[in-house]
Amino acid sequence: MAARTPIEGIPVDIANPEVRRGIRTVLTTISRFPRDWGRIRRRVREIRYFAPEDDQPDTLGQWVVDEEELRRLSHQQSAPGTWGRPAGQIPAYGRIMLTRRPIRHTEHLVAIVAHECGHAATRERDFQKRDGYSGEWASELCADFYAFKWGFEAELRKAFTRRPLNHYCGFPGETLEVGHGDDVQRFRVDKRFYLRELR
């Protein structure tokens with residue numbers, strides 16, 4: 001198979017047929033959501049494996065924005081000509097990286113790809129509305145919001161039964177406690193993936 005053979009128009013530099021099937025499942029499903037699919041098609045330049053030296057044991061997938069693109073966006077967003085432009089209308093592009101390690105079940109692979117596509121689909125205003133306690137959590141809430149919206153709730157809940165709280169947040173209905181002793185904050189994730197503080 002030639003390198004970078006597209007799936008649904010997105011270059012995929014992975015030959016493994018099972019992994020390609022999982023990617024196809026996610027991309028075909030997202031294509032039923034035209035606005036989200038448009039952002040995915042513009043932003044995801046490729047899906048590929050991590051380089052062996054970058055394949056970390058605790059990372060199964062990652063949305064990686066192009067460094068040059070980040071510099072360009074930072075410059076554009078601070079330029080007076082972009083002021084007043086609707087949030088999220090300056091698109092960032094990058095790639096989805098996946099682990100080379102075997103993933104036990106196909107639904108876990110689907111969950112990983114859907115979550116990383118959720119990062120790629122996230123608009124600036126999605127992030128801003130969920131930011132407040134932790135930027136890291138806001139980003140993860142946005143990614144999971146899109147994955148659930150596209151119909152991958154069962155796969156995410158099954159694949160991610162235990163996720164590290166320092167990086168990920170929670171799923172709708174879950175309660176999170178942060179802090180120690182008398183200085184504990186409690187939050188609940190609502191159905192739209194907003195973090196609500198419990199008093």
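Here, every reference points to the structure presented above.
Residues numbered from 1 in each chain as written. Predicted model: local features only at pLDDT ≥ 70, side-chain atom pairs only at ≥ 80, totals over all residues. Heavy atoms only, no water.

Chemist: I keep staring at the packing of aromatic side chains and nothing clicks. Help me out?
Modeler: Working definition: an aromatic ring pair is given by the centre-to-centre distance plus the angle between the planes. Under the counting rule described, the total for this entry stands at six aromatic pairs. Judged by centre distance (5.7 Å) and plane angle (35°), the ring pair of Tyr146 and Trp150 falls under tilted. The pair formed by Tyr146 and Trp150 is uniform in burial state, with each residue classed as buried. Taking 5.4 Å as the distance between ring centres and 35° as the angle between the ring planes, the aromatic pair formed by Phe148 and Phe171 counts as tilted. With a gap of 23 residues between them, Phe148 in helix H6 (residues 135-149) and Phe171 in the loop between helix H7 (153-159) and strand S6 (175-180) connect regions that are remote in the sequence. Judged on exposure class, the residue Phe148 and its partner Phe171 are both buried. One aromatic cluster is present, built from ring pairs that chain together Phe145, Tyr146, Phe148, Trp150, Phe171 and Phe193. The cationic tip of Arg45 hangs over the ring face of Tyr93; the distance from NZ or CZ to the ring centre is 3.7 Å. (Phe/Tyr/Trp six-rings, centres within 6.5 Å; stacked < 30°, edge-to-face > 60°. Buried < 20%, exposed > 50% of the residue type's maximum accessible area, 1.4 Å probe, protein only. Helix = DSSP H or I, 4+ residues; strand = E, 2+ residues; numbered from the N terminus. Lys NZ or Arg CZ within 6 Å of the ring centre and 35° of its normal.)

Chemist: Honestly, unusual backbone geometry in this entry has me stumped. Any pointers?
Modeler: Among all residues save glycine, negative phi is the norm, and among peptide bonds the norm is trans. Residue Glu8 is not a glycine yet carries a positive backbone phi of 50°. The residue Glu8 is located in the loop between strand S1 (5-7) and strand S2 (10-13) in this model. For Phe193, which is not glycine, the phi torsion reads 65° and is therefore positive. Examined against the element boundaries, Phe193 turns out to sit in the loop between strand S7 (183-189) and strand S8 (195-198).

Chemist: Any chance you could explain the packing of helix H4 (residues 106-121) against H6 here in plain terms?
Modeler: Geometry of a packed helix pair, given as the angle between the helix axes and the separation of the axes. Relative orientation of the contacting elements H4 and H6 amounts to 110°, with a least axis distance of 7 Å. When the axes of H4 and H6 are compared, the pair comes out roughly perpendicular. The handedness of the crossing between H4 and H6 is right-handed. In this structure, H4 contributes Ala114, His115, Gly118, His119 and Ala121 to the contact, and H6 contributes Ser139, Glu140, Cys142, Ala143, Asp144, Tyr146 and Ala147. For the contact of H4 with H6, a count of residues per class yields six nonpolar, four polar and two charged. (Axes fitted to C-alpha atoms, helices over the stretch in contact; angles between N-to-C directions. Parallel < 35°, antiparallel > 145°, perpendicular 65-115°, else oblique. Left-handed = near helix turned anticlockwise from the far one by under 90°. Contact = heavy atoms within 4.5 Å. Nonpolar A, V, L, I, M, F, W, Y, C, P; charged D, E, K, R; others polar.)

Chemist: Looking at this model, I keep getting lost on the environment of Ile103. Mind explaining?
Modeler: Structurally, Ile103 can be placed in the loop between strand S5 (94-98) and H4. With 84 residues separating them in the primary sequence, Ile103 and Val19 have C-alpha atoms 9.1 Å apart. When neighbours within four sequence positions are excluded, Ile103 is seen to be in contact with His108, Leu109 and Ile112.

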